[in-house]
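Reading the structure
Okay, here's what each chain looks like letter by letter:
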Amino acid sequence: MRTHPLLALPCLALALTACGEGGVLDESVKTTVREQLVATCTATAEGQIPEGVTVDLNQVCDCAADKVLDGKSVQDLVSNPPTSAEDLDKVRECLKEMGPVKLDPAGT
């Protein structure tokens, strides 16, 4: 996954210092970051799944986004944004948890 949508995080740091960190603002920022992670994951993966393989991208990307954000504060995300390698590791973890991918029989 590419992290270009997360480049806006340093701007959020300025907003946090101006407004103070916490509560509703943190949840709003985390929700926005999560939505961007899921959208980027889904868009990146869509053209890369081989024909005949069925994977629920929404489920995988939701899982990966949750794992990337797990235990991180907004300040953590601003100072150390997730990397593509970290995102890919989380996708792999989610795929393992979901079990094997489904293969469509040939000709269906």
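This report concerns the structure included in the present document. (Residues numbered from 1 in each chain as written. Predicted model: local features only at pLDDT ≥ 70, side-chain atom pairs only at ≥ 80, totals over all residues. Heavy atoms only, no water.)

1. A closer look at the environment of Gln75
Tracing the backbone through its elements, the reader meets Gln75 in helix α4 (residues 74-79). Taking the C-alpha atoms as reference, Gln75 lies 9.2 Å from Asp26; in sequence the two are 49 residues apart. (Helix = DSSP H or I, 4+ residues; strand = E, 2+ residues; numbered from the N terminus.)

2. As for the packing of helix α2 (residues 23-46) against helix α3 (residues 57-69)
Packing of α2 against α3 leaves a shortest axis separation of 9 Å and a crossing angle of 135 degrees. Considered as vectors, α2 and α3 are oriented oblique to each other. At the point where α2 passes α3, the crossing takes the right-handed sense. Contacts between α2 and α3 pair Lys30, Val33, Arg34, Leu37, Val38, Cys41, Thr42, Ala45 and Glu46 from the former with Leu57, Asn58, Cys61, Asp62, Ala65, Asp66, Val68 and Leu69 from the latter. Taken together, the residues that form the contact of α2 with α3 break down as ten nonpolar, two polar and five charged. (Axes fitted to C-alpha atoms, helices over the stretch in contact; angles between N-to-C directions. Parallel < 35°, antiparallel > 145°, perpendicular 65-115°, else oblique. Left-handed = near helix turned anticlockwise from the far one by under 90°. Contact = heavy atoms within 4.5 Å. Nonpolar A, V, L, I, M, F, W, Y, C, P; charged D, E, K, R; others polar.)

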